[in-house]
Protein chains: 2
Amino acid sequence: MARPQLRPTDAELAILRVLWERGASTVRQVHEALADTRETGYTTTLKLMQIMADKGLVTRNETARTHVYSAIAGEEQTQHQLVRDLVDRAFGGSAAQLVLRALSADGTTDAELREIRKLIDDYREKR
Amino acid sequence: MARPQLRPTDAELAILRVLWERGASTVRQVHEALADTRETGYTTTLKLMQIMADKGLVTRNETARTHVYSAIAGEEQTQHQLVRDLVDRAFGGSAAQLVLRALSADGTTDAELREIRKLIDDYREKR
DNA sequence: TGACATCTACGAATGATTTCGTATAGTCTC
DNA sequence: GAGACTATACGAAATCATTCGTAGATGTCA
């Protein structure tokens, strides 16, 4: 284990997403969940998850022969960190600009826009 | 020059941001603009910009001995692409979720929240 | 012209990321 | 228990991103 809180790489993020969705999982389970999108061998997934354990992105329970992995940071926390990172790197620190670009993404439906607006109102009230 | 539209790396994005702000610039100008944040040698910046020209991220005018570089993709287009990429990799395609995380970023001021809300209203009207 | 500064080109080292093959050991079934 | 299956560990290759040093060409100016 080493430094915590490092931007996860692409491959690591894909694995984290499986762990967030499924909860604690074995390498086999993660690998199968990724099979749709990735075409890599089992040992590749294994190696990545071992590295992630070294980095402190996941923990594993080694009680049984088949180890069981869990994400350490939660989904929200990691997403938050990734957004902040992108805001800093590409938007000069302006979250509003990022939101603007997000809105102009093709897939944004009107329902989604209303949802976002509601989120903002809720959020402002909480302050 | 090779494949266009590739996610720019961190160092590349920093250079692009200078080119967007200053417009067409020499390596020297870019390097000096980056001097505040980066502590790398001149030839590092040069090499990066040469690579970016290979990748098709920038073009350069070689008429004069001192080449003049320009970003090919605009700031908006690149930001859009980066956001979309992050939405896909970390938010399962939901731009709304990304916006939610952006809002809970520490630095988001109330003024910014109002601004974002206004952006959404404007954007909905445009539809 | 000669000394010096500045520019590009390019090779190469380094470190991180991703990938896989092989070795080794535990488990299961007949 | 033998053979098949499945797991971890680990070394190593391939690729990419970043960094810099050096060489050689060009420009400046006293």
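What counts as what
- Residues numbered from 1 in each chain as written.
- Chains lettered and ligands numbered in written order.
- Predicted model: local features only at pLDDT ≥ 70, side-chain atom pairs only at ≥ 80, totals over all residues.
- Heavy atoms only, no water.
- Near = heavy atom within 4 Å.
- Polar contact = N/O pair within 3.5 Å; in protein donor to acceptor, adjacent residues only side chain to side chain.
- Helix = DSSP H or I, 4+ residues; strand = E, 2+ residues; numbered from the N terminus.
- Nonpolar A, V, L, I, M, F, W, Y, C, P; charged D, E, K, R; others polar.
- Buried < 20%, exposed > 50% of the residue type's maximum accessible area, 1.4 Å probe, protein only.
- Contact = heavy atoms within 4.5 Å.
- Domains from an automatic or database assignment.
- Phe/Tyr/Trp six-rings, centres within 6.5 Å; stacked < 30°, edge-to-face > 60°.
- Lys NZ or Arg CZ within 6 Å of the ring centre and 35° of its normal.

Draft legend 1. Quick peek at the protein's contact with DNA strand C. Around DNA strand C, the structure places 22 residues, and the nearest of them are T9(A), G41(A), R28(B), Y42(B) and R65(B). Within 4 Å of the protein, the contacting atoms of DNA strand C are drawn from sugar and phosphate to the extent of 59%. The side chain of R38(A) places a nitrogen or oxygen atom 3.4 Å from a phosphate oxygen of DNA strand C. Between DNA strand C and K55(A) there is a distance of 3.1 Å, counted from a phosphate oxygen to a side-chain nitrogen or oxygen. Residue assignment for the surface near DNA strand C shows that the elements contributing at least two residues are helix 1 (10-22) and helix 3 (42-55) of chain A together with helix 3 (42-55) of chain B. Each residue belonging to the surface near DNA strand C can be placed in one class, and the counts come to 4 nonpolar, 9 polar and 9 charged.

Draft legend 2. Spatial organisation of helix 5 (residues 95-103) of chain B. Within helix 5 of chain B, 7 of the 9 residues are buried, leaving the element largely enclosed by the surrounding structure. Among the residues making up helix 5 of chain B, those that are buried are A95(B), A96(B), L98(B), V99(B), R101(B), A102(B) and L103(B).

Draft legend 3. Fine view of the environment of A95(B). As for its placement among the helices and strands, A95(B) is situated in helix 5. As for A95(B) and V83(B), which are separated by 12 residues in sequence, their C-alpha atoms are 8.6 Å apart. The contact partners of A95(B), leaving out residues within four places of it in the chain, are A102(A), T108(A), E112(A) and V87(B).

Draft legend 4. Structural view of the domain arrangement of chain A. Along its sequence, chain A is organised into domain 1 (10-71) and domain 2 (75-126). For domain 1 of chain A versus domain 2 of chain A, the separation of C-alpha centres amounts to 28 Å.

Draft legend 5. Representation of the protein's contact with DNA strand D. Close to DNA strand D lie 22 residues, the nearest being R28(A), Y42(A), R65(A), T9(B) and G41(B). Here the atoms of DNA strand D within 4 Å of the protein split so that 61% fall in sugar or phosphate, with bases taking the remainder. At 3.4 Å from a phosphate oxygen of DNA strand D is found a side-chain nitrogen or oxygen belonging to R38(B). Between DNA strand D and R65(B) there is a distance of 3.4 Å, counted from a base oxygen to a side-chain nitrogen or oxygen. The class makeup of the residues in the surface near DNA strand D is 4 nonpolar, 9 polar and 9 charged.

Draft legend 6. Molecular detail of the packing of aromatic side chains. Applying the stated rule across the entire model yields 0 aromatic pairs over all chains. Sitting over the face of the ring of Y42(A), R28(A) holds its NZ or CZ atom 4.1 Å from the ring centroid.

Draft legend 7. The arrangement of the side chain of E12(A) in detail. Residues and elements named next belong to chain A. Summarising the element assignment, E12 is placed in helix 1. What makes E12 buried here is its relative accessible area of 3%. At a separation of 2.9 Å, a polar atom in the side chain of E12 contacts the main-chain amide nitrogen of T9. E12 has contacts with I51, M52, K55 and L57, leaving out every residue within four places of it along the chain.

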